[in-house]
Amino acid sequence: IERKRNSYYYHRLVIINKSLREMVSFICDACQETIRKPKVESHCYKCRACWVLSCVDCGKRFEGEAYASHTSCISEAEKYQG
């Protein structure tokens, strides 16, 4: 039973780490803070000047709530290899 439990937690960690690596991050153009997508809304309550967000990976700029449609981005290999 102990081995089964450890296996379960290991697989959960793998899934969580994979989702964190694939999560899109943005830079607030007002305060230059880097924000992961799930935290953007709460950041906008703190930073009232937050209107434009730039994707960390591809550099694309999003005004208002347009960032919500940006669900995936280029990979590290695509970013550096062109």
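Preceding this paragraph is the structure being described.
1. A look at the overall build of the chain
Broken down by element type, the chain carries three helices and four strands. Ordered by position from N to C terminus, the α and β elements of the chain give α-β-β-α-β-β-α. Counting the 82 residues in the chain, one finds 21% classified as buried. For the chain, restricting intrachain contacts to residue pairs at least 6 apart in sequence, the fraction spanning at least 24 positions comes to 33%.

2. Some points on the state of the cysteines
Under the defined criterion, the tally for this structure stands at zero disulfides. Of the cysteine sulfurs around C31, a residue in no disulfide, the closest is that of C28, at 3.7 Å.

3. Some words on unusual backbone geometry
Comment: phi is negative for the bulk of residues other than glycine, and the bulk of peptide bonds are trans. The phi dihedral of Q32 falls on the positive side, at around 65 degrees, and the residue is not glycine. Tracing the sequence through the fold places Q32 in the loop between β1 (25-28) and β2 (34-36). Overall, the relative accessible area of 53% leaves Q32 in the exposed class.

4. Let's talk about the packing of aromatic side chains
One pair of aromatic rings is described through two measures. These are the centre distance and the angle between the planes. Across all of its chains, the model carries two aromatic pairs by this definition. An angle of 90 degrees between the planes, with centres 5.9 Å apart, marks the rings of F26 and F62 as edge-to-face. Of this pair, F26 sits in strand β1 while F62 sits in strand β4 (residues 61-63), placing them 36 residues apart in sequence. Summarising the burial analysis for this pair, F26 and F62 share the class buried. Ring centres of F26 and Y67 lie 5.8 Å apart, and the angle between their planes is 75 degrees; on these two criteria the pair is classed as edge-to-face. Of this pair, F26 sits in strand β1 while Y67 sits in the loop between β4 and α3 (76-81), placing them 41 residues apart in sequence. With a relative accessible area of 0%, F26 lands in the buried category. Members of the aromatic cluster, connected to one another through ring pairs, are F26, F62 and Y67.

The rules behind each value
- Residues numbered from 1 in each chain as written.
- Predicted model: local features only at pLDDT ≥ 70, side-chain atom pairs only at ≥ 80, totals over all residues.
- Heavy atoms only, no water.
- Helix = DSSP H or I, 4+ residues; strand = E, 2+ residues; numbered from the N terminus.
- Buried < 20%, exposed > 50% of the residue type's maximum accessible area, 1.4 Å probe, protein only.
- Contact = heavy atoms within 4.5 Å.
- Disulfide = S-S within 2.5 Å.
- Phe/Tyr/Trp six-rings, centres within 6.5 Å; stacked < 30°, edge-to-face > 60°.

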